[in-house]
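Here's the letter readout for the chains.
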Amino acid sequence: QRRVRENSLSTMRWSSLALVLVVTCQANAHATHEALNSTVRVALAQILVLSSDREGNLVRMEHATRAAKVQGAQIVVFPEMSLYGWINPDVFNTSVPIPGRDSIAVAAMAEKHQIMVVCGFAERAEDGQGVYDSAVLFDSDGAILLKHRKIHILSSLMSPAYTPGKADASNIHAVDTKIGRVGVLICADTMPSPQWAHPNVLDAMRTAAPQLLVVPYGIVQPTRNWPEFADNFRGVVVTTAANTSATVLGIDSVGQVMDGPWKGQVDGGWSYIALPGSLTSSGVAEALDRVGADRDTDLIVLTVPIPAHGI
């Protein structure tokens, strides 16, 4: 009888251990599944950006931010140079450092609506001797989490030109946030070309391992090239997703260039979201079907998947 009781106890111990192992494995599998299928509700605010209309552009940003929050977005992203317009020599007189009045205004917007924000700025250099084409990621409490200065600045379009950002890890980086690991680049930084002094920006960003990569764009073309040029823009965003292994938010504006050799060309809209191959059934990077309107304002609010770290 003692032997029977011992065998029974031993069987119970092994059964309990097996149950613990099964539950643990199921929990780990569930956690892995959740990691591989993390999602973020994003808003791409394809707004009208008027050159030098700081107050008006801020009003349009406020409206879009409020609408994004109402629709449940966790982060709202705005185009390149959202406050002053991209090719705008006036920024050499009106821009301020970051932090400064412009970033403080957008930080207050983020805090007011309790939503993360990415916005493009004209950033006065600390020594006052130049201006950067920058983008900032704000937390939902208004804190600055990340700042990126555009590296590929197309110096022929303005004189003086914007000051290029550094092509190193101090400027090409990502940060861990409550919605995942987020990186930021700006427009031409995502366009590899032999003409650039630093052609491997996307390789450097891939090393930073973002899950979500936000790219404010200023895609301008002569009116006659729209909407056909949207396919080229789509290709840039998809290639960026493929080369960085991140979900990419490519946000463009609507407006018109008012100065320089591209005067009269227009921002065409057509904002895109692209997924890396790890998140598509085909195994290759693809753009989502929902895209920004053709040469009109739009607000795209979607729940999108982001890859797990290391994928």
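Structure first, text after, so check above.
Residues numbered from 1 in each chain as written. Predicted model: local features only at pLDDT ≥ 70, side-chain atom pairs only at ≥ 80, totals over all residues. Heavy atoms only, no water.

*Asks:* Looking at this structure, how should I read the packing of aromatic side chains?
*Replies:* Within a pair of aromatic rings, the relevant descriptors are the distance that separates the centres and the angle that separates the planes. Taken as a whole and assessed by the stated rule, the structure comprises six aromatic pairs. Measuring from centroid to centroid gives 5.8 Å for tryptophan 226 and phenylalanine 229, while their planes differ by 80 degrees, and the two rings are edge-to-face. Under the relative-accessibility criterion, tryptophan 226 is labelled buried at 4%. We classify phenylalanine 229 as partly exposed; its relative accessible area is 22%. Ring pairs connect the aromatic residues Tyr217, Phe233 and Tyr272, which therefore count as one cluster. Sitting over the ring of tyrosine 132, arginine 149 keeps its end group 3.8 Å from the ring centre. (Phe/Tyr/Trp six-rings, centres within 6.5 Å; stacked < 30°, edge-to-face > 60°. Buried < 20%, exposed > 50% of the residue type's maximum accessible area, 1.4 Å probe, protein only. Lys NZ or Arg CZ within 6 Å of the ring centre and 35° of its normal.)

*Asks:* It is not clear to me how helix H4 (residues 101-113) should be interpreted in this structure. Could you clarify?
*Replies:* Since the α-helix turns once every 3.6 residues, residues separated by three or four places project in the same direction. The first and last C-alpha atoms of H4 sit 19 Å apart over 13 residues, in line with the 18 Å expected at 1.5 Å per residue. Taken residue by residue, H4 has Asp102, Ser103, Val106, Ala107, Met109, Ala110 and His113 as its buried positions. Across the axial projection of H4, the buried residues extend over an arc of 155 degrees, all falling on one side. In H4, the exposed residues that point more than 90 degrees away from the buried face are Ile104 and Lys112. Each element contacted by the buried residues of H4 is listed here: helix H2 (54-70), strand E3 (116-124) and strand E4 (131-138). Phi turns positive one or two residues past the end of H4, at glutamine 114, with a value near 55 degrees. (Helix = DSSP H or I, 4+ residues; strand = E, 2+ residues; numbered from the N terminus. Expected span 1.5 Å × (residues − 1). Arc of directions from axis to C-beta. Contact = heavy atoms within 4.5 Å.)

*Asks:* I'm lost on helix H5 (residues 201-208) in this one. Help?
*Replies:* For H5, every residue scored as buried is listed here: Val201, Leu202, Met205 and Ala208. Down the axis of H5, the buried set is contained in an arc of 105 degrees. They therefore lie on one face. Contacts made by the buried residues of H5 are with strand E6 (174-177), strand E7 (180-184), strand E8 (212-216) and helix H6 (230-244). Of the residues one or two after H5, alanine 209 is the one with positive phi, at around 60 degrees.

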